[in-house]
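A structural walkthrough
In case you want the letters, here they are:
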Amino acid sequence: MISSSRLFARRSTIAAAGVTTVLALTLAACSSSSDSSSMPSTDHGSRSSAASSSSATPSTGDMPGMDHMASGNGLSASQGGYRLASKDTTLLSGEQAAYRFTVTGPDGKPLTDFAVDQTKRMHFYAIRSDLTGFQHVHPTMAADGTWSADLSTLTPGSWRMFASFTPNTGTGKGDDFVLSRTVAVSGNAVKTPLPAPATSTQADGYTVTVRGEPMAGMAHPLTVSIAKAGKPVTDLEPYLDTYAHLTAFHEGDAAFAHLHPTTKVSGDNGGPDLSFHAELPTSGNWRLFLQFQTGGKLHTAALTLRVG
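Residues numbered from 1 in each chain as written. Predicted model: local features only at pLDDT ≥ 70, side-chain atom pairs only at ≥ 80, totals over all residues. Heavy atoms only, no water.

Focus on the overall build of the protein
The condition is simple: Runs of H or I in DSSP of at least four residues are treated as helices and runs of E of at least two as strands, each being numbered from the N terminus. Buried, partly exposed and exposed residues are distinguished by accessible area as a fraction of the type maximum, computed with a 1.4 Å probe on protein chains only: under 20%, between the cut-offs, and over 50%, respectively. Throughout, the Shrake-Rupley method with a 1.4 Å probe supplies accessible areas, and for residues the shown protein chains are the sole cover considered.
Per the secondary structure count, the protein includes two helices and 19 strands. Going through the 308 residues of the protein one by one, you find that 42% of them count as buried. A total of about 15200 Å² of accessible surface is found on the protein, and carbon and sulfur atoms cover 54% of it.

Details of the pairing of strand β11 (residues 200–203)
Where we set the bar: Pairing between strands is defined by DSSP: at least two bridges between the two strands are required.
The two faces of β11 differ: T201 and A203 on one face are buried, but S200 and Q202 on the other face are not. The pairing of β11 with strand β12 (residues 206–211) spans four bridges and is classified as antiparallel. When the bridges of β12 are listed, Q202 appears paired with T207. Hairpin geometry of β11 and β12 is characterised by an intervening segment of two residues between the two adjacent antiparallel strands and by a positive phi of about 55 degrees at D204.

As for the sheet that holds strand β5 (residues 123–128)
Taken in spatial order, the five strands of this open sheet run β3-β10-β9-β5-β6, and their pairing is mixed. In this open sheet, the two edge strands, each paired with only one partner strand, are β3 (90–91) and β6 (135–137). Relative to strand β10 (residues 177–185), strand β9 (residues 157–165) runs antiparallel, the two being bridged by nine bridges. Bridge pairing in β10 places A163 opposite L179.

Some thoughts on the pattern of salt bridges
Test applied: When a carboxyl oxygen of Asp or Glu lies within 4 Å of a side-chain nitrogen of Lys or Arg, that pair is called a salt bridge.
Summed over all chains, the structure comprises one salt bridge. Across the pair D130 and R128 runs a salt bridge whose closest N-O atoms are separated by 2.5 Å. A relative accessible area of 7% places D130 in the buried class. In this structure R128 comes out as buried when scored by relative accessible area, which is 6%.

Details of unusual backbone geometry
For the bond running from G271 to P272, omega is 0 degrees, close enough to zero to count as cis. Locating P272 in the fold gives a position in the loop between β16 (256–261) and β17 (273–278). The phi angle at L131 is positive, at roughly 65 degrees, despite the residue not being glycine. Here L131 is to be found in the loop between β5 and β6. On the basis of relative accessible area, L131 is assigned to the buried category, the value being 5%. In the Ramachandran plot, D241 falls in the positive-phi region, its phi being about 65 degrees despite a non-glycine side chain. Position of D241 among the secondary structure elements: in the loop between β14 (231–232) and β15 (245–250). For D241, a relative accessible area of 54% gives the class exposed.

Description of the side chain of S86
Applicable threshold: As used in this structure description, the phrase polar contact means that two N or O atoms lie within 3.5 Å; if the pair is within protein, one of them must be able to donate a hydrogen and the other to accept it, and residues adjacent in sequence are counted only when both atoms belong to side chains. Any two residues whose heavy atoms approach within 4.5 Å are treated as being in contact.
Position of S86 among the secondary structure elements: in the loop between β2 (82–85) and β3. Residue classification places S86 among the buried residues on the basis of a relative accessible area of 16%. Here D88 takes part through its backbone nitrogen, which lies 3.0 Å from a polar atom of the side chain of S86. Here R100 takes part through its backbone oxygen, which lies 2.6 Å from a polar atom of the side chain of S86. With residues up to four places along the chain from it excluded, the contact list for S86 reads Y99, R100, F101 and R181.

So yeah, pure geometry; function would need other evidence.
See below:
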């Protein structure tokens, strides 16, 4: 018969082994479900994929654009003490317009010191409520902190104006913000139905194909391939310090998301495959706008992506 002391020792050893096994499984699960800041770039055939797979898992700060990721969906005019202010509540349809605004800081004063993000101190987006009429411009700032965004012709309806920026001073220094306000454009608004989800679209003779199945609230890779006349495009030029700029808006509320590129720029020979880090917060249809440049000309391709 086993003595009580030997029995106790054996049970202690078994218990310790069980704790060790549970701890190991827990750590493995945590590692496999880590947040996007520790996810490696997935290039799916892009030119930088070999280098990515042979190196240690990079932080998002090593990926182009990943060091500037704004939080929130951009549907508020204020966040963290910063506020998008504008006297322009209506604009005329059928003609070019200048939308003027300021960004005030926690002290209530107009902010004038902005950090450069993707070669610009301010990125400004305009989108109609039915996700048509997309515009991405880079406004100019006066000495008093008043920005002026020159917009092309606007069609009647409700528009949402987004300002994306990074303060270079104050309590929000280094943080990224996307704030927005709505504007009514005069005239009889006619809603345009959102095109059905698709994996490819055409723009200026180019075929843009998107591969990937993003899930709401989770980090997923997307791969964008660009072709022309059935041949892969390899002459993409840098645009805003990347080979393509990808913005998304959610059907119904026009929530904003900036999909960050993970393909590094290496001269005027980008393409045909570009990888993006997609982290879309809600399910449903998202309208994607891809901007890329060839021969000094900027192209914009639009596509509807279904997010589960």
